[in-house]
Amino acid sequence: MNINPVILSIPIYFGLILIEWIYDLISKKGIYRLNDAFGNISNGIFEQITGVFLKVFTIGVYVFFYDHFRFFTVPTTWPYLILMWVLVDFFYYWAHRKSHEINLFWMGHVVHHQSEDYNFSVALRQGALQKVFTFVFFLPMALMGFDPYWFVFIGALNTVYQFWIHTEQIKKMGWFELIFNTPSHHRVHHGRNPKYIDKNHAGSLIIWDRMFGTFQIEEETPVYGVTQPVRHWDPVSSHIQPFIDMFKDMGHVKGFGNKLAILWKPPGWLPKSSGGMRFPPEVNKTNYVKFDVKIA
């Protein structure tokens, strides 16, 4: 149980990125830009390095609640492990959804959405602070008595599953899409077209989005990225700039209550006295140009 599926999968990740990149060179589809891919991988490395202590902390809190406050002790049999998979994905859905609907939580997740491309390298682009805002969503599993070791293991498998859905090379998948998250569903999630924003929050099971009203089928090809695209490849700035922008909003609005509300309201919210909600604009594909400064 000391095996971490995410760590073991790293060579597979880079192998698949290499295969997809070579295929892109041969097919000349242009889904890979080395500068953007470099930015994605740099953010992944930054998250892994800076996230060590946060991982220890969040897992430690889970263990603390399990040891001192659990109501039951769930046996580690196959039926319960399957149930744990379903519950991990259920709570992931809500953690992920609230990471889009609460501005402060968005600060931990926005990094993952900053790439204007969509390929396997995007899966590695993760926010270093995301666990700080989302780990509390999984504490009910500790109270229910699900073993911490198996929780970490299955949570890691859920993360591994989500790697392969970050590609444009796999199209529609028929009946599979009724139950499971797929590249088509997740392309929608990464789109910044207004109709696609805050849709398809699933981890591995798309049933949660269908049940709770956040499902959107892929229609036109999404335009990827965030509504205010980043103009650099720097992983540190990628994490810091969203906070700077949020604090600027807090500084511009009047009233302590409004300043606090910016933390808990959806991204883009401002009080009516400051102009009101800033809804995402439609994307004009005729003049849309990706940020593409070359790297040495």
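Q: Is there a simple way to explain unusual backbone geometry in this structure?
A: If a residue is not glycine, its phi is most likely negative; likewise, a peptide bond is most likely trans. Of note, the phi angle at Asp198 is positive, near 65 degrees, even though the residue is not glycine. Tracing the backbone through its elements, the reader meets Asp198 in the loop between helix H9 (183-190) and helix H10 (207-212). Of note, the phi angle at Asn200 is positive, near 55 degrees, even though the residue is not glycine. Looking at the element boundaries, Asn200 is found in the loop between H9 and H10. Owing to a relative accessible area of 0%, Asn200 belongs among the buried residues under this scheme.

Q: Can you help me understand the packing of helix H11 (residues 235-252) against helix H12 (residues 256-264) in this one?
A: Any two packed helices are characterised by how steeply their axes cross, that is the angle between the axes, and by the distance between the axes. Between H11 and H12, the shortest axis-to-axis distance is 8 Å and the interhelical angle comes to 155 degrees. Between H11 and H12, the crossing angle belongs to the class labelled roughly antiparallel. For the crossing formed where H11 meets H12, the hand is right-handed. Contacts between H11 and H12 involve Met246, Asp249, Met250 and Gly251 from the first element and Lys259, Ile262 and Leu263 from the second. Classifying every residue of the contact of H11 with H12 by side-chain character gives four nonpolar, one polar and two charged.

Q: Got a minute to help me understand the nonpolar core in this structure?
A: If you look at the biggest cluster of nonpolar residues, it comprises 38 residues, and the most contacted ones within it are Tyr62, Val88, Phe138, Met141, Phe146, Met246 and Ile262. When residues of this core are assigned to their parent elements, the largest contribution, seven residues, is made by helix H4 (residues 78-101). Grouped together as the second largest cluster of nonpolar side chains are nine residues, Tyr13, Tyr32, Ala37 and Phe120 included.

Q: Is there a simple way to think about empty space enclosed by the protein in this case?
A: If a probe the size of a water molecule is rolled over the atoms, the empty space left behind becomes visible. As enumerated under the stated definition, the model contains one cavity of 30 Å³ or more in all. Estimated volume of the largest cavity: approximately 80 Å³. Surrounding the largest cavity, Arg33, Asp36, Gln114, Ser115, Glu116, Arg125, Val230, His232, Trp233 and Phe291 form its lining. Of the residues in the lining of the largest cavity, the class split is three nonpolar, three polar and four charged.

Parameters at a glance
- Residues numbered from 1 in each chain as written.
- Predicted model: local features only at pLDDT ≥ 70, side-chain atom pairs only at ≥ 80, totals over all residues.
- Heavy atoms only, no water.
- Helix = DSSP H or I, 4+ residues; strand = E, 2+ residues; numbered from the N terminus.
- Buried < 20%, exposed > 50% of the residue type's maximum accessible area, 1.4 Å probe, protein only.
- Axes fitted to C-alpha atoms, helices over the stretch in contact; angles between N-to-C directions.
- Parallel < 35°, antiparallel > 145°, perpendicular 65-115°, else oblique.
- Left-handed = near helix turned anticlockwise from the far one by under 90°.
- Contact = heavy atoms within 4.5 Å.
- Nonpolar A, V, L, I, M, F, W, Y, C, P; charged D, E, K, R; others polar.
- Core = buried A, V, L, I, M, F, W, Y, C linked by side-chain atoms within 4.5 Å.
- 1 Å grid on protein atoms, 1.4 Å probe; cavity = no way out; pocket = protein on both sides within 12 Å on 5 of 7 lines; lining within 4 Å.
- Points joined across faces, edges and corners; volume = space filled by probe spheres on them.

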